[in-house]
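Chain and residue survey
Here is what each chain is made of, one letter per residue.
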Amino acid sequence: MTHAVEVDGVSKKFGSLAAVNNVSFNIESGEFFCLIGPSGSGKTTTLRLLAGLVQPDSGRILIHGDDYTHVPTFKRPISMVFQTWALFPHLTVFDNVAFGLRMRNAPRQTIQEEVRKTLELVRMSEYANRKPRELSGGQQQRVGIARALVVRPDIILLDEPLGNLDFKLQLQLQEELSQMHRQLRITFVYVTHDQRQAMALGERVCVMNNGNIEQLDETAMVYSKPSNVFVARFVGESNIVEGSVKSSGGGKNTVETVLGSFVFDGGSFQREQRVWLFWRPENTLIASESASGDYAFEGVVSAIETSGQVTQYVVDVGGIPIRAVKTGLPDPEIGEKAKVSVGVKRDQILLLDTPSVSETGQVERAVLGA
Amino acid sequence: MSSEQGSKNLGSYLLVAPTLVVVVVFLVLPLLLVLRVSFLHHVPLGYTNQPTLENYGFVFTNEGVRNTLAFTLETASIVTAVSLLLAYPVAYFLARKVKSFTLKTGFLVFLLIPFWIDFTTRSLAWIPWLGTQGIINDALLAIGAINQPATIFLYSSFAMDLVMVQAYTLFMVAPLFISMSKIDPILYEAAQTLRTFLHINLRLTLPGMGIGCVFVFLSSLADFATPKLIGGLVTSIGELIKDNVTFINLPNASAISALVVVIALAVLVLTFRLTHVEQIFE
Amino acid sequence: MADISKYALVVYAGAIGGFVYAPISTMVLFSFNSSSRTVPPFDGPSLNWYNAALGSAGIVDAFTRSLVLGVVTTALATALFTLAGLAYRRSFRGGSFFFYLIAVGIIMPGITYSLGLELFYGNLGIPISLWTALPAHLIWTIPWGLILVRATIDPNMLVYEDAARTLGASEAKVMRHVTLPLFLPAIIGGALFAFTLSFTDLVRSIFVTFPDTLPLEIYSLSQLRVAPDIFAVGSMIVIVSIGLLLLASYFLRGTLRRLSL
């Protein structure tokens, strides 16, 4: 079975900075594949390497089994959607969308049909004769998507396509992109720093950091079973408590933390090894006193934020911020500066033994800080 | 530097190369020659290979040279200031109030056409207006503002300044226009008071002003034709250089030239720095 | 409030236009003067001076030379500043320095430069001709074109080019369909500027041109006397230019509308 894309040991340096560091992964045909990470993680560079806009220093890039590593962009079976839309300002919407077909010398009739069809798909038919500067951001991006789709690429690359739009518009286009993917079943490779988009759209997610892959897995797995602290923190809100292993043996491990001792089954660790306890805020139990759960701690509410739909609490437990999330408006019993009890069930806690693949000191500080 | 960055740099160098070759051969070399000759000893109808500082000595001590230089610098400053003041509202009008692209270009080309008439004719064309028998004098006499024709209007510093301003206005309007066109319209909406408005405008059009002022100032500085044709009994530093060449005192001409070049370079670097000219290219 | 300021500006712009064209209008008027007066009153219409100007071999030849030199200068300058402008799409080491070096051409006092060029030719033993003025014209016109190009290129140019590549455009096609069309307004502007500067240049050409170009010819004529035949020449230039411009905008009106930025 050939993968749609095979990235094999690819590295790229800019000056002395390793933007992409010996990265390997596969993308399957028709899947919605997300590359996420903070700025500078290498996700955009990886995308541009796939596009051929940048050449790797080493490694290979295969598309449908063929080596495309040194093939120039215009010969690759890809098309791309850009964060800044990049519509050609001197061409009309129609000509923008038709551009790819014209470069391929498609017959006039075909161009007319395909462009009209695709404009309808993105609901921009009435704007065919307008110039990009007359359109709003959301409209320009629709045209950008149409332009990339009309050439029927094997793989469509999207570089933070929703980055320049306001929140409501993002959600709307997100939904439309999802629909398009389901309809057309083209391979989507989607880069974003916003993990919520990745969570909503992606089938598989590749988390990058400092040019390395931190974790590559199905979206749900990356969320519930992050492989290290970096991924845990980056994907969604998290509770991270650092500790050290007090004893380990006989299938039982005791971890000593600022919040007390925790006991875990399974796995074996060194004594004094640094580990991190992790669970998601939605698994934190919060009550005015004696929260349920296998472990409970006393603390003081330091922040409450509500969107009406959900309410987030941050509870200061001995200097460590513990987050809890509940649906609906805030509990009237629990106000700011209130003394509360937070708890968590033992089987909701994951024990992580690596800060990150890239092993940067930043991660550890971030754990204790925020 | 990765090889890719290197090859992209190479591409850029290849593209600039033809221009650079022309500039180095035909600009840098000639100027170096001028510099060289300025240090040589003048003999009738030529110069020897003997290095000397006498030309510079002359330039710095001779009162005539000093006065002329001061006068020319003064003229250039006046012309620059006046053309800036006159051009600014025009550029603003074109950039912000004229919506149609055709009209904008139309007006600019309209301003451009007189420049296809050569310098001399343009200057001479003022005579019917400025002369003692000219239109302005006739009008003033007719309304009784003066009793006899005023001579101030022609063959005077005033006339010279006026003609130069007319000559260089376009070169001030163009960079200002470009600079203003680049300002985000949103900034204007944010400006509530006249004061903020002026503040914003001036700050953001500094690069355009820089380019315009440098060009007008230096062009007026070097202009020898207008003073001669319209200025009457004045002389300019350009004229001095020219006369020295005519009388084949090349070392002197070169020394004066070198001085003017130094002034020009100083003005260029200072103004470009102060007005952050690079911003206009963003 | 806004309306008043707009009308005030319109009036003002009109006044400035009037100021620039005031001498032009009298020039045209007196070119038709039957006497040799160049000051009021106007003596009655006649085509004398046009005949004189067109009949003067000196003037006609000088005009032709100016025109030829102008066209060649424009062609070369446009090619060179366009290439250089393409280089400045991305920043490169030394870019800033090279730009200032090129810009020295416009700030260099013409007369100094002319002197230097004359020395240059003297040292190389090259006799002064019409074409020895060409480099002088190039040095002055290229920087303007480059400034215009650099100031008006879209900051997103490189992204547009990338987008074109991802849509199947080879490097040549990217240049032809994306880069050059976006450069075009600046290129045309720079070319127009170049022609203007070259055609009317006096100070830079003065020592390095022989026989005279039109500006030089007129300058020397004017040293002798001021007569309306000089005005006739100027008027013809204005009338022909306006005519050419109207023609060009008529034929190019479709393109202009398409390009409207």
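Notes on the structure in this doc start here.

The next thing to look at is the overall build of chain C. Check the secondary structure of chain C and you find 11 helices and 0 strands. Helices and strands appear in chain C in the N-to-C order α-α-α-α-α-α-α-α-α-α-α. Looking at chain C as a whole, 56% of its 261 residues qualify as buried. When the accessible surface of chain C is summed, it comes to about 10,500 Å², and 71% of that surface belongs to carbon and sulfur atoms.

All names here are of chain A. Ordered in space as 13-12-11-14-20, the 5 strands form an open sheet in which the pairing is antiparallel. Looking at the sheet topology across the chains shown, the edges are occupied by strand 13 (260–265) and strand 20 (350–352). Sheet twist, expressed as the average angle between the axes of neighbouring strands with direction ignored, equals 40°. Both strand 14 (residues 274–279) and strand 20 contribute to a ladder of 3 bridges, which runs antiparallel. In the sheet register, F278 faces strand 20, and the bridge partner there is L350.

Contacts between the two partners involve 92 residues from chain C and, on the opposite side, 89 residues from chain B. Between chain C and chain B, a total of about 8,600 Å² is buried, with carbon and sulfur atoms accounting for 81% of that surface. Along the contact surface separating chain C from chain B lie 0 salt bridges. For the side of chain C that touches chain B, the secondary structure elements donating two or more residues are helix 1 (2–31), helix 3 (57–87), helix 4 (95–107), helix 5 (110–124), helix 6 (134–152), helix 8 (171–199), helix 9 (214–224) and helix 10 (228–251) of chain C. With 17 residues, helix 1 of chain C is the single largest residue contributor to the side of chain C that touches chain B. Its residues assigned to classes, the side of chain C that touches chain B shows 67 nonpolar, 18 polar and 7 charged.

Time to look at the pattern of salt bridges. Counted according to the given criterion, the structure contains 21 salt bridges over all chains. The partner of A:R274 in a salt bridge is A:E242, with the nearest N and O atoms 2.7 Å apart. Here A:E242 lies in strand 11 (residues 239–249) and A:R274 lies in strand 14, a separation of 32 residues in the sequence. In this structure, C:E161 and C:R165 form a salt bridge, with 3.8 Å as the shortest nitrogen-oxygen distance. Within this pair, C:E161 and its partner C:R165 are both found in helix 7 (residues 157–166), separated by 4 residues, close to a single helical turn. For C:R165, a relative accessible area of 15% puts it in the buried group. Residues joined by salt bridges that share partners form a network here, namely A:R48, C:R89, C:E161, C:D162, C:R165 and C:E171.

Turning next to the environment of C:I142. The residue C:I142 is located in helix 6 in this model. Along the chain, C:I142 and C:T78 lie 64 residues apart, while their C-alpha atoms are 7.2 Å from each other.

All names here are of chain B. Together, L29, L32, L35, F39 and L53 make up a nonpolar patch on the protein surface, roughly 450 Å² of accessible area in all. Looking at where L53 falls in the secondary structure, it is placed in the loop between strand 2 (46–51) and helix 2 (54–61). For L53, a relative accessible area of 59% translates into the label exposed.

This part covers the environment of B:D243. Relative to the assigned elements, B:D243 resides in helix 13 (residues 237–246). When its relative accessible area of 29% is taken as the criterion, B:D243 is described as partly exposed.

All names here are of chain A. Spatially, 5 strands are ordered 15-19-16-17-18 in an open sheet, and the strand pairing comes out antiparallel. Edge positions in the open sheet fall to strand 15 (285–287) and strand 18 (320–327), since each of these has one partner strand only. Averaged over all pairs of adjacent strands, the angle between strand axes in this sheet comes to 40°, irrespective of strand direction. Strand direction decides the pairing type here: strand 17 (residues 310–317) and strand 18, joined by 8 bridges, are antiparallel. When the sheet's bridge partners are listed, Q312 is paired in strand 18 with V325.

Residues and elements named next belong to chain B. Across its 25 residues, helix 8 (residues 157–181) extends 35 Å between first and last C-alpha, which sits within 8% of the 36 Å expected from 1.5 Å per residue. Of all bends in helix 8, the biggest is about 45°, found at Y168. Extensive coverage of helix 8 is indicated by the burial of 22 of its 25 residues.

So, on to the pairing of strand 4 (residues 58–63) of chain A. Residues and elements named next belong to chain A. Looking at chain direction, strand 1 (residues 5–14) and strand 4 are connected through 5 bridges and run antiparallel. Across the sheet, S11 pairs through a bridge with S58, a residue of strand 4. Of the strand pairs in this sheet, strand 4 and strand 5 (residues 66–67) are connected by 2 bridges, and their pairing is antiparallel. Each bridged residue has a counterpart across the sheet, and for I63 the counterpart in strand 5 is D66. Hairpin connection, strand 4 to strand 5: the antiparallel pair is bridged by 2 residues, and H64 has positive phi, about 50°.

The rules behind each value
- Residues numbered from 1 in each chain as written.
- Chains lettered and ligands numbered in written order.
- Predicted model: local features only at pLDDT ≥ 70, side-chain atom pairs only at ≥ 80, totals over all residues.
- Heavy atoms only, no water.
- Helix = DSSP H or I, 4+ residues; strand = E, 2+ residues; numbered from the N terminus.
- Buried < 20%, exposed > 50% of the residue type's maximum accessible area, 1.4 Å probe, protein only.
- Areas by Shrake-Rupley, 256 points an atom, 1.4 Å probe, with all protein chains shown as cover.
- Pairing = 2+ DSSP bridges.
- Axes fitted to C-alpha atoms, helices over the stretch in contact; angles between N-to-C directions.
- Contact = heavy atoms within 4.5 Å.
- Buried area = accessible area lost by both parts, 1.4 Å probe.
- Salt bridge = Lys/Arg side-chain N within 4 Å of Asp/Glu carboxyl O.
- Nonpolar A, V, L, I, M, F, W, Y, C, P; charged D, E, K, R; others polar.
- Patch = residues over 30% accessible without salt bridge, like charges linked within 9 Å, V, L, I, M, F, W, Y side chains within 5 Å.
- Expected span 1.5 Å × (residues − 1).
- Bend = angle between axes of the 7 residues up to and from the residue.

Scope: geometric values only; no functional claims are made or implied.
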